[in-house]
Every structure is written in C-alpha cells, then in structure tokens.
Number of protein chains: 2
Amino acid sequence: MTISVTPPTTTGKTAAGSIAARNADLLVQAISSKGSPVCVGLDPALEQLPEATRRDDPVEAIEMFSRGVIDAVAPHVPAIKFQSACYERHGWRGMRVLESCMHHARNLGLVVVLDAKRGDIGISSNHYAAAAAGAGAHFVTVNGYLGLSGVEPFLNAGLGVFVLVRTSNPDSAAVQSEKLASGATVAEHMAGLVHTLGVAHIGAAGLSAVGAVVGATQSREAGALRALMPDQIFLIPGYGAQGGTADDIRVMRRASQPPEKSGVLVTASRSVIYAKATEGQHWLEAVGTAAKNLAHEIRDVVG
Amino acid sequence: MTISVTPPTTTGKTAAGSIAARNADLLVQAISSKGSPVCVGLDPALEQLPEATRRDDPVEAIEMFSRGVIDAVAPHVPAIKFQSACYERHGWRGMRVLESCMHHARNLGLVVVLDAKRGDIGISSNHYAAAAAGAGAHFVTVNGYLGLSGVEPFLNAGLGVFVLVRTSNPDSAAVQSEKLASGATVAEHMAGLVHTLGVAHIGAAGLSAVGAVVGATQSREAGALRALMPDQIFLIPGYGAQGGTADDIRVMRRASQPPEKSGVLVTASRSVIYAKATEGQHWLEAVGTAAKNLAHEIRDVVG
C-alpha cells in the first residue's frame, strides 16, 4: 500500500484542490472552441461611441453600446475584458451596468476578465475579491506591489488573476525595469513571485490560474519573462492600436504548444469595439467582423 | 528690472497653478483647526457592526453605520478615509452608499480620502480620477507600479494623491524592500518618483498634494523615506491595531514643524469605528469618544 502525501504549497492547497485553477481550464477550453487566444477589451468612452448608441443619458448609452458589443463578439472570441474604470467613472449607475453586462457576457459563454487592477492588504483584497466574484468575473487583473497576500484572496474566492508584471504604457520602465542588486529587473522579480504563487493553481491543461499582464510593447523583455513564468497565461494588451505586432506576440508564446495552450491571451480594444461601419452597414456588423478578423489574425500568429 | 522665470516641472505646471495643491492646504488648515493630524478609517465589515445597526438588508446596515460614524467623528478629526473595497463588495448599491457618504463627510467639512489604491495606464486613470472627483474625494490612494503617467491624471482632475510607497502589511517587503543595483530599495525609488512629481503641486503651506502611504509598522525604513520626501504628507495606516506605536510616528515627522505641517496623517480604523460602548452608552458616543481620544493621543505624539 502506498500512502500519497500532498506537499504543502503557498496557499495550503494542491493544484488539484484549487477551485481557482478551473478558470485556467475554462479559458483553455474556450480558446480551443473558438480557435484563437484572443480577448476583446471593452473600454467604452462616451466621446467615441457610434452615433447609433448616443443617448441623453450617458449611462444608458454605455449600456446599449456594451451589450451590443458583447453580443457581436461572443460568437468569435473566447474572452472579454471589461475596463472597470470606464464604468466606475459614471458612478454607481455605471457600476450597475458593469455588473449586468459582465453577467450577460458570462451567460453567453464568454470568459470574463475584470480589468480592475486591484490590490490592497489582505483584508481589503478579500472584499475586492467578493465584489469581482459577485459581478460574474472569472479573472481579475491585480497589482502585486503590496505583496502576494493581497493577491491570494482572489484565488481563495475561486477567481483567476492576471498580476501586473510588465505593462504596455510608455513610462512603465520607471519602476518595472529598474535593475535589482540580484541582476533581475523589478518586473522579473515580480514574475518570480507570480510563478511561485501559481504552482498551487495549475489546472488539468497545465496552465495556472495565476497569470501575468505583459504588454505587447515589451517583447524585448518578454523572452526572459516567459522563461521565469512557464505555466503562466500572459494577458497581452497593446496589440494593434498601441503598437504591438505579430512578432511581439510570438516571443511570448510557450514553445511547441497548440494555440489554446500557448499561454497567451492577446487583447485588443479600440480596433474592434470602434470598428468603422461601411456605408449602409450596421455598426454591430462592423464590430463582429473586426472581432472575427482579429481572431483569425491572432490564430495565424500563434498557430 | 528682474525677470522671474518659472522653472518647468514634470507636469508643466507651477505649484502656484496647481489646483490639486489646494487639497494639501485644505488638509493643513483642517488639521490646524482640529489640532491633530489624524484620520479615521471607515472600513465597515458586516460581521463587526454593532447590534444597533444590524438590518436585514446589509447595504442598509452599512449605510446606517457609516453615516453614524461620520457624524460622530466629524467634530474631533480633520479627515476621514473610506476603504472603497468595503463598499464595492456590496455591488452597485454599496457604491451608491459610498458616494452619498463621501459627499456627506465633505459637507461636514471633513477632508475626504478615498482609499481605492487605483492605478492604470493614463487613459484609464483619467476615468478613475473622474470617478473619485465625482464621488467627492479630496485625496485618492494610488499605486505607482505602472509609472507616474497613471498618477498624474488624478492631479490633473484637481485631486491630491497618496502614492503607495511602503505599506503596512506583513509581506510588503517582498517587493518594496528589494534592493536595487543603485543601493536604494524599490520603496525608496518610488519615493524619489513621488517627490519629483510632487514639486509641481506644493501648496502655500509648503506641503505637496502628492503624498505617500507609509505604514506605521515600517518605521525602521521611515527615516530614509522622509529624507527622500521632505515635502510629502505621509498617510500612515497601521497605528494601534496593526502594531504601530508613538515612536514609529515620531520618526516619520518633518523636523521642527507644528502638527499641521508635520507631514503626517495618522489613520486608525477598528479602534475607533468599533469602539465598545460601556453599559447604557450609545454606540455612537463610544465612537465619538474614541475619535477624540485618538486625536489627543496623536496630538501629543506629534506636538
């Protein structure tokens, strides 16, 4: 008779026992079913909405636009990312729309990423995690500057996370690329923490529910980050509008894996949600076509 | 004839032209009027509310409790800090309560700090800033891991900020105390960025609207941080319940300054908002007394 002993992990859970890990598998499955590791970013800003969704009440306009985009992209992409800030700026009524749209996306079978970049001491992260779970998120973007105790509550609430490692904004190097005495950059140090935390949350497909945000504009550093985070899904903003290219994405893949296990989730926002309709075309048809084209494009890049 | 030349600053604004700087002066004035650089942290958690505020509807309970605490502490302290997470966890109805309570506190003359630890790329931080300003905040806590471009939108929206530099949680050293090749820690590097950004937002009283979060439990590193941030107000959580002491606070003061210009704002939460009433005493009387005692205690520490 053999007695199986489960080694203790950072959160006291084995990967097999991690509820959060299911989100990684769910994402892998959704990517496999849609054929492309792509995510549409929903960041509605009033001044950019198409004519057809303009309303006297800005919150009504945001809701109409959001629901339209969700319906239009759902057949083509596995995941959708909600930029919390765009809804929060409209106060509690905006939050009400965000919650109802997240549930709507989830009901359509989309994997829902709440891009909220939360992070606080553990007791407060508990509350943020409860909020995100209640709103219907599968994954939340989180900031690890306070340490992993602020990240773990999200996992304990059954959510996956994407921890900010190397962001796409122009001045992100000011903190993230600083060299430590060890020779690693701050981002690489964060990557090490992310990988360690992620071990206990690896799903059946071999990917962890603890992912990382790595901007498409940071491909020069991405090879090193991939080596440090072999099990992580990289949520990759900055493709297209912000300047990230196909070559940038290729550097970030896990080697020799099919698209659903390549460990990338490429997000594009403005190029899809504000796709210009041709004459006589409904704006949502343009959005749907843009989502489909993006999915094909990224499938070809990753495949 | 002398021609006065204003040196350019990071945001292209002189301190005199910074609307955000007024928040620093407002806080100095409020501290002077109440006599103590102290801030009550309002982090209501359902399971800790006093009997008298229990309701079937949790959001109603949170609102009743919050309004009661605001009214009870307003005569004794200059500032109040709302923990956004505690309201967000109750969804959009919680956010509605948060907004109405923040406005209520502001109307009572309190300086309002929104403890939301936001931080994103500039375009999204714009939205977060609009949300915080709309909700009635004077200051917002922000996370600078993405760089200062994610912090500046709050200043441009006329808000003051407290940037996370050295937090009070037990594992905060995992990132913040890492040594850089330069010899500085990550927190000290962040402090340098905070100070540089703050120069353009110094008010008439000599303090900047760009402040820093430095936990009371981090006094061993606080002397170095004070040297790097001479113009900053330190928002100091962790006093009391989390183990920070009077000696810890003293290390963080600006030298030879009266309390209102000492550059500290000490926050305490649980010890005030959950103050136990003695037999026959109304719970709010206990809260008011605890706030008054805390204000006296901190006045004696700093004065």
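Residues numbered from 1 in each chain as written. Chains lettered and ligands numbered in written order. Predicted model: local features only at pLDDT ≥ 70, side-chain atom pairs only at ≥ 80, totals over all residues.

Trainee: Account for the confidence of the model for chain A, with residues named and values stated.
Mentor: Residue and element names in this part refer to chain A. With 95% of its residues at a pLDDT of 70 or more, chain A shows a mean pLDDT of 93. Counting interchain partners and residues more than four positions distant, the pLDDT-below-50 stretch residues 1-14 has 13 contacts. Predicted as a complex, the structure gets a pTM of 0.94 and an ipTM equal to 0.94. (pLDDT = per-residue confidence, 0-100. Contact = placed C-beta atoms within 7 Å.)

Trainee: Describe the relation of the copies chain A and chain B, and please don't skip the residues or the numbers.
Mentor: The operation relating chain A to chain B is a screw motion whose rotation component is 180°, with 0.0 Å of axial translation and a residual RMSD of 0.0 Å. As the rotation angle and translation indicate, the two copies are arranged about a two-fold axis. (Least-squares fit on C-alpha atoms with pLDDT ≥ 70 in both.)

Trainee: Describe the sheet that holds strand S1 (residues 38-42) of chain B, listing the residues and the values that go with them.
Mentor: All names here are of chain B. The strand order around the closed barrel built from eight strands is S1-S2-S3-S4-S5-S6-S7-S8, with neighbouring strands paired in parallel fashion. Ignoring strand direction, the axes of neighbouring strands in this sheet form an average angle of 30°. The sheet contact formed by S1 and strand S2 (residues 79-83) spans four bridges and is parallel. Residue pairing in the sheet places glycine 41 in a bridge with lysine 81 of S2. Against the sheet, helix H8 (residues 186-198) touches strand S5 (160-166) and strand S6 (210-214), its axis set at about 160° to S5. (Pairing = 2+ DSSP bridges. Helix = DSSP H or I, 4+ residues; strand = E, 2+ residues; numbered from the N terminus. Axes fitted to C-alpha atoms, helices over the stretch in contact; angles between N-to-C directions.)

Trainee: So what's going on with the environment of glycine 288 of chain A? Which residues, and what values?
Mentor: Residue and element names in this part refer to chain A. For glycine 288, the location among the structural elements is in helix H12 (residues 283-302). Residue glycine 288 is classed as buried on the basis of its C-beta count, with 21 C-beta atoms lying within 10 Å. Once you skip the residues sitting within four places of it in the chain, glycine 288 turns out to touch Ala72, Val73 and His76. (Buried ≥ 20, exposed ≤ 12 C-beta atoms within 10 Å, placed from the backbone.)

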